[in-house]
Amino acid sequence: MSEYTRNAEEILITKEQLSEKIKQLGADITKDYKDKKLLLISILKGSVVFLADLMREIRLPLEIDFMCISSYQNSTQSSGNVKILKDLSRDIKGFDVLIVEDILDTGLTLSYLIPMLLDRKPESLKICTLLDKPSRRRVPVQADYAGFRIDDSFIVGYGLDYAEHYRNLDYIGIYKESNER
């Protein structure tokens, strides 16, 4: 067991499963956004790995932008307080916007973000999430594209973190807290 991975040894989703699911999502998005002006908005930091792989599977012209939003503040539980740390760098009016999210958990972040983005007059606004955890939903938000439905475990890897650690794992593992890091 590696010192770095000891708290994330239990693999929930393998590198191969991630690759297959992202190919499928890319194919679905390619079909649905044909002849549209597609803008992917990655919610940093967790979704950047997913965005990089997903956009290579979308066989259409597209643009990307980033937002950084925080609600966890180095905890395994969402605080419920959503803060925008970095806003978009462009006008989204007229774009078919697809929010790319690592995990749809409580729904609080997206329920805050969606009305704000709709006020900016995109042509359309949809959500693509790699992971969907409906058992934790506190507000009614649904993804238009979802990779894996998962149970209520705290997970890390493939962009997801605990206190900024584990993002670079090439799989998604279940985080087990211990007295030491």
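What you see is a predicted model; the values in this text were computed from it and never measured.

As a further point, take the packing of helix α1 (residues 15-32) against helix α2 (residues 48-57). Close contact between α1 and α2 brings their axes to 8 Å; oriented N to C, the two are set at 55 degrees. In this view, α1 runs oblique relative to α2, as classed from their interaxial angle. Like other packed secondary-structure pairs, α1 and α2 cross with a definite hand, here right-handed. Contacts between α1 and α2 involve Ile22, Lys23, Leu25, Gly26, Ala27, Ile29 and Thr30 on the former and, on the latter, Phe50, Asp53, Leu54 and Glu57.

With that settled, consider the packing of aromatic side chains. Tallying each qualifying case throughout the model produces four aromatic pairs. A centroid spacing of 5.7 Å and a plane angle of 65 degrees characterise the contact between Tyr166 and Tyr175, whose relative ring orientation is edge-to-face. Assigned by exposure class, Tyr166 and Tyr175 land together as buried. Site record: aromatic cluster; members linked through ring pairs are Phe154, Tyr162, Tyr166 and Tyr175. Taking NZ or CZ as reference, Lys21 lies 5.4 Å from the ring centre of Phe148, over its face.

Quick look at the pairing of strand β2 (residues 38-44) now. Within a regular strand, side chains alternate between the sheet's two faces. Of all seven residues that make up β2, six are buried, and the element is covered over most of its length. Pairing geometry for β2 and strand β3 (residues 62-70), over seven bridges, is parallel. What sits directly across from Ile43, in β3, is Met67. Crossover connection from β2 via α2 to parallel β3: handedness right-handed. Sheet topology note: the β2/strand β5 (residues 96-104) ladder contains five bridges and is parallel. Each residue of the ladder has a partner; that of Leu39, found in β5, is Val97.

Sheet architecture is open: six strands sit in the order β4-β3-β2-β5-β6-β7, paired in mixed fashion. Unpaired on one side and paired on the other, β4 (83-86) and β7 (145-149) mark the two borders of the sheet. With direction set aside, neighbouring strand axes in the sheet form an average angle of 30 degrees. Lying on the sheet, helix α3 (residues 108-118) is in contact with β2, β3, β4, β5 and β6 (124-132); it crosses β5 at an angle near 170 degrees.

What counts and what doesn't
Residues numbered from 1 in each chain as written. Predicted model: local features only at pLDDT ≥ 70, side-chain atom pairs only at ≥ 80, totals over all residues. Heavy atoms only, no water. Axes fitted to C-alpha atoms, helices over the stretch in contact; angles between N-to-C directions. Helix = DSSP H or I, 4+ residues; strand = E, 2+ residues; numbered from the N terminus. Parallel < 35°, antiparallel > 145°, perpendicular 65-115°, else oblique. Left-handed = near helix turned anticlockwise from the far one by under 90°. Contact = heavy atoms within 4.5 Å. Phe/Tyr/Trp six-rings, centres within 6.5 Å; stacked < 30°, edge-to-face > 60°. Buried < 20%, exposed > 50% of the residue type's maximum accessible area, 1.4 Å probe, protein only. Lys NZ or Arg CZ within 6 Å of the ring centre and 35° of its normal. Pairing = 2+ DSSP bridges. Right-handed = clockwise from strand over helix to strand, strands pointing away.

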